[in-house]
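Here is how the chains run, residue by residue.
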Amino acid sequence: MSAATSYKPSASPHPTACLALADGTLFYGYGFGAEGTEIAELCFNTAMTGYQEIMTDPSYAGQIVTFTFPHIGNTGVTPEDDETADPFASGMVVKWDPTDASNWRATEELTVWLKRRGRIGIGGLDTRRLTRAIRQQGAPHVALSYSEDGVFDIADLVEKARSFKGLEGLDLAKEVTCAQSYTWDEQRWAWPDGYSKATKPGHKVVAIDFGAKRNILRCLASAGCDVTVLPATATAEEILAHAPEGVFLSNGPGDPAATGVYAVPMIQGILKADIPVFGICLGHQMLALALGAKTVKMSHGHHGANHPVKDKDTGKVEITSMNHGFAVDSQSLPKGVVETHISLFDGSNCGLRVDGKPVFSVQYHPEASPGPQDSYYLFERFVKAMEK
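Residues numbered from 1 in each chain as written. Predicted model: local features only at pLDDT ≥ 70, side-chain atom pairs only at ≥ 80, totals over all residues. Heavy atoms only, no water.

**So, the overall build of the chain**
- Broken down by element type, the chain carries 10 helices and 18 strands.
- Over its C-alpha trace the chain gives a radius of gyration of 21 Å, about what one expects of a compact globule, namely 21 Å for 388 residues.
- Overall size of the chain, expressed as C-alpha extent along the three principal axes, is 65 × 45 × 40 Å.
- Counting all 388 residues of the chain, 59% fall into the buried class.
- Long-range contacts, defined as pairs at least 24 residues apart, comprise 73% of the intrachain contacts of the chain with a sequence gap of at least 6.
- Carbon and sulfur atoms provide 50% of the accessible area of the chain, an area that totals close to 15900 Å². (Helix = DSSP H or I, 4+ residues; strand = E, 2+ residues; numbered from the N terminus. Rg over C-alpha atoms; globule rule 2.2 N^0.38 Å. Buried < 20%, exposed > 50% of the residue type's maximum accessible area, 1.4 Å probe, protein only. Contact = heavy atoms within 4.5 Å. Areas by Shrake-Rupley, 256 points an atom, 1.4 Å probe, with all protein chains shown as cover.)

**Topic: the pairing of strand β10 (residues 203-209)**
- Most of β10 is tucked away, with 6 of its 7 residues classed as buried.
- One ladder, built from 7 bridges, connects β10 with strand β11 (residues 225-231); its direction is parallel. Directly across from Ala 207, in β11, lies its bridge partner Val 229.
- A crossover links β10 with its parallel partner β11, the connecting element being helix α6 (residues 214-222), and its sense is right-handed. (Pairing = 2+ DSSP bridges. Right-handed = clockwise from strand over helix to strand, strands pointing away.)

**Some words on the sheet that holds strand β17 (residues 349-354)**
- Strand order across the open sheet formed by 10 strands is β9-β11-β10-β12-β13-β18-β17-β16-β14-β15, with mixed pairing between neighbours. Sheet topology places β9 (182-184) and β15 (317-328) at the edges, where each strand pairs with a single neighbour. Within this sheet the neighbouring strands show an average axis-to-axis angle of 25°, counted without direction.
- By the bridge criterion, 4 bridges tie β10 to strand β12 (residues 246-249) in an arrangement that is parallel. Opposite Val 206, over in β12, you have Val 247 as the bridge partner.
- Each of β10, β11, β12, β13 (277-280), β14 (295-311), β15, β16 (337-343) and β18 (359-362) is contacted by helix α10 (residues 377-387), which is oriented at about 125° to β10, the strand it contacts most. (Axes fitted to C-alpha atoms, helices over the stretch in contact; angles between N-to-C directions.)

**Focus on the side chain of Arg 218**
- Of note, Arg 218 is situated in helix α6.
- On the basis of relative accessible area, Arg 218 is assigned to the buried category, the value being 4%.
- Only 3.3 Å separates the side chain of Arg 218 from the side chain of Tyr 195, close enough to count as a polar contact.
- Residue contacts for Arg 218: discarding those within four places in its chain leaves Glu 80, Trp 184, Glu 186, Gln 187, Arg 188 and Tyr 195. (Polar contact = N/O pair within 3.5 Å; in protein donor to acceptor, adjacent residues only side chain to side chain.)

**Some remarks on helix α3 (residues 127-137)**
- When we look at burial in α3, the residues that qualify are Thr 127, Leu 130, Thr 131, Ala 133 and Ile 134. Buried positions in α3, seen along its axis, are confined to an arc of 155° and lie on one side of it. Along α3, exposed side chains directed more than 90 degrees from the buried face belong to Arg 128, Arg 135 and Gln 136.
- In this structure, the buried residues of α3 make contact with β2 (17-21), β3 (26-33), β4 (36-45), β5 (63-67), β6 (91-93) and β14.
- Backbone geometry just after α3 places Gly 138 at a positive phi near 95°. (Arc of directions from axis to C-beta.)

**With respect to the packing of aromatic side chains**
- For the structure shown, the criterion picks out 6 aromatic pairs.
- Judged by centre distance (4.8 Å) and plane angle (25°), the rings of Phe 278 and Phe 360 are stacked. With a gap of 82 residues between them, Phe 278 in strand β13 and Phe 360 in strand β18 connect regions that are remote in the sequence. For the pair formed by Phe 278 and Phe 360, the shared burial category is buried.
- With a centroid separation of 5.5 Å and an interplanar angle of 50°, the aromatic rings of Phe 278 and Phe 382 are classed as tilted. With Phe 278 in strand β13 and Phe 382 in helix α10, the pair connects residues that are 104 residues apart, well separated along the chain. Both residues of the pair, Phe 278 and Phe 382, count as buried.
- A cation over an aromatic ring shows up here: Arg 188 above the ring of Tyr 376, its NZ or CZ 4.1 Å from the ring centre. (Phe/Tyr/Trp six-rings, centres within 6.5 Å; stacked < 30°, edge-to-face > 60°. Lys NZ or Arg CZ within 6 Å of the ring centre and 35° of its normal.)

**Quick notes on the side chain of Glu 83**
- Residue placement: Glu 83 occurs in the loop between β5 and β6.
- Despite its burial, Glu 83 pairs with no opposite charge, the nearest such side chain being Lys 213 at 4.1 Å.
- Within the structure, Glu 83 has its side chain in polar contact with the backbone nitrogen of Arg 214 (distance 3.1 Å).
- Those residues in contact with Glu 83 that lie beyond four places of it in its chain are Glu 53, Thr 56, Asp 57, Ala 212, Lys 213, Arg 214, Asn 215 and Ser 369. (Lys, Arg positive; Asp, Glu negative; His and termini not counted. Salt bridge = Lys/Arg side-chain N within 4 Å of Asp/Glu carboxyl O.)

**Thoughts on the pattern of salt bridges**
- Scanning all chains against the criterion turns up 13 salt bridges.
- The closest approach of N and O atoms between Arg 116 and Glu 108, which form a salt bridge, is 2.7 Å.
- By sharing partners, the salt bridges in this structure join Glu 80, Asp 81 and Arg 105 into a single network.

**Considerations on the state of the cysteines**
- The tally for this structure, following the rule as stated, stands at 0 disulfides.
- Between Cys 43, a cysteine without a disulfide, and Cys 281, which holds the nearest cysteine sulfur, the sulfur-to-sulfur distance is 12 Å.
- A relative accessible area of 0% places Cys 43 in the buried class.
- Lacking any disulfide linkage, Cys 281 is separated from the closest cysteine sulfur, that of Cys 350, by 10 Å. (Disulfide = S-S within 2.5 Å.)

Printed below as a string of structure tokens:
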């Protein structure tokens, strides 16, 4: 987009929110949620469901999410669908203003929930135009402002967007990880009882919380794991002191190379213990770093619940849920580390395993929250590796 381009909604002469891009492009719309200003990286998500799970996914720390699906807010919100205690995405951009909730599980309206949680929303934008801009030019730095009086200091907003340093070199795992260790025994949601507790003894697993989603922990519990969660800064010695049968590396936000400063030595220490290791998303990227590979910043990343991934071993195609702005450079994988999955959108790396060892990871989210359940077998593979 050319500098100083401005897009205003046609339905009302009084916009109450403004999205300012670092190149000077302005999008006006109608604010909802909490008033204020947020500076972040702008991404887009193509999922048709799960906006609450997306907003509370720690992997979105430092980002504002543009939802390409127009019907956002129509199912309301419920505490059962929070992936963490608070939203981590800085704000949301939608085509249409959220409608009244129409779902039997809803306990609150999205707009009320956002205001109570201190997050900004903007509606009435041409999200198709905005998404094309992100695809063509990469994820821009933006300032999103909501004010009921509709008065904005445009020059200041653009300057704020330009001054944002971006996610490269940024370690956000320390900001979203748990403060202390805890155990987890809640299993996946199932009709008609909802969430249930694991009752049988399972395999002892330590999950490293780089920004773990609750539904990932639920999947581990449902697959037969006794889960102990440790903070991102845990050392290999602290992890091994729990005598785990397996170690799980969670998803999370930020630059894997920055988090890897302290996480890579920990992972390398775990690898020496010769126990099963399973990583997802950021955990996948940092496992790759620990094995000697490199990661790169993507143009606009992969965010959605409809991404096709090919298993190179079987030829099977899985439809997956993704949320990442960095990727493992497949050309940098060392000898003995095999690329197992690739994206059918752009050929980027989506999985790896270590020859002869029960160590593997994937870039996508097999817990399917939101998204299809094609990849749940990975949790079962992890459990089987601990049974050998």
